[in-house]
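Here are the chains, one letter per residue:
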Amino acid sequence: EDLVCFRDIRPSAPHHYLVVPVEHLGNCKTLRAEHVPLVKRMMEVGKAVLQKNNFNDLNDVRMGFHWPPFCSISHLHLHVLAPDSQLGFLSRLVYRLNSYWFVT
């Protein structure tokens, strides 16, 4: 009801989804402590969509947000990528865990 999920138009993994809140939130810098339940729900939706699409190894998943100014859309969206083990070299850079530009 308050979240939507769809495939990324330029997938970096066999499963690459974006989980987006219907209510506008600018980007991950706008998140506050009261948004923790929302982010947890976004992650749960991402996992559910993976499982619905027959991907069940939830230990081989990468989720995170691009940190401004490295996000091309100013609406909060969680990247869900799987399998993490199949990310190519460039994708590993773009979606590098807890880097200056991608936070998990």
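In this text, all values refer to a predicted model and were calculated from it rather than measured experimentally.

Peer 1: Looking at this structure, I do not really get the sheet that holds strand E5 (residues 102-103). What am I missing?
Peer 2: What holds strands together in a sheet is hydrogen bonding between their backbones, with the strands either parallel or antiparallel. Taking strand neighbours across the sheet as the criterion, the five strands line up as E1-E2-E4-E3-E5 in an open arrangement whose pairing is antiparallel. Because the sheet does not close on itself, it has two edges, and the strands there are strand E1 (3-7) and E5. The pairing of E1 with strand E2 (residues 15-21) spans five bridges and is antiparallel. Its bridge partner lying in E2, Arg7 is registered against Tyr17. The strands touched by helix H1 (residues 36-52) within the sheet are E1, E2, strand E3 (62-66) and strand E4 (78-82), with E2 carrying the most contacts at an inclination of about 145°.

Peer 1: Explain the UniProt feature "active site" (unreviewed entry) in the protein here, please?
Peer 2: When the UniProt feature table is mapped onto this chain numbering, "active site" (unreviewed entry) sits at His77. Structurally, the position occupied by His77 is in the loop between E3 and E4. At 2.8 Å, the side chain of His77 forms a polar contact with the backbone oxygen of His75.

Peer 1: Sorry, what's going on with the environment of Pro69 here?
Peer 2: Among the structural elements, Pro69 can be located in the loop between E3 and E4. Given a relative accessible area of 64%, Pro69 falls into the exposed group.

Peer 1: Explain the nonpolar core to me, please; I cannot follow it from the model alone.
Peer 2: It is characteristic of soluble globular proteins that their nonpolar side chains tend to be buried jointly. Counting residues in hydrophobic clusters, the biggest one holds 18 residues, and the most contacted among them are Met42, Leu50, Val61, Phe65, Leu78 and Val80. When contributions to this core are tallied by element, the ones reaching two or more residues are E2, H1, E3 and E4. Among the elements that take part in this core, H1 stands out by supplying five residues, more than any other. Those residues within four positions of Leu78 in sequence are excluded, and the remaining contacts are Tyr17, Leu18, Val19, Met42, Met43, Met63, Gly64 and Phe65. Ala13, Leu81, Leu87 and Phe102 belong to the second largest nonpolar core, which has five residues in total.

Reading the values: rules and limits
Residues numbered from 1 in each chain as written. Predicted model: local features only at pLDDT ≥ 70, side-chain atom pairs only at ≥ 80, totals over all residues. Heavy atoms only, no water. Pairing = 2+ DSSP bridges. Helix = DSSP H or I, 4+ residues; strand = E, 2+ residues; numbered from the N terminus. Contact = heavy atoms within 4.5 Å. Axes fitted to C-alpha atoms, helices over the stretch in contact; angles between N-to-C directions. UniProt positions renumbered as here; feature names shortened; annotations may be inferred. Polar contact = N/O pair within 3.5 Å; in protein donor to acceptor, adjacent residues only side chain to side chain. Buried < 20%, exposed > 50% of the residue type's maximum accessible area, 1.4 Å probe, protein only. Core = buried A, V, L, I, M, F, W, Y, C linked by side-chain atoms within 4.5 Å.

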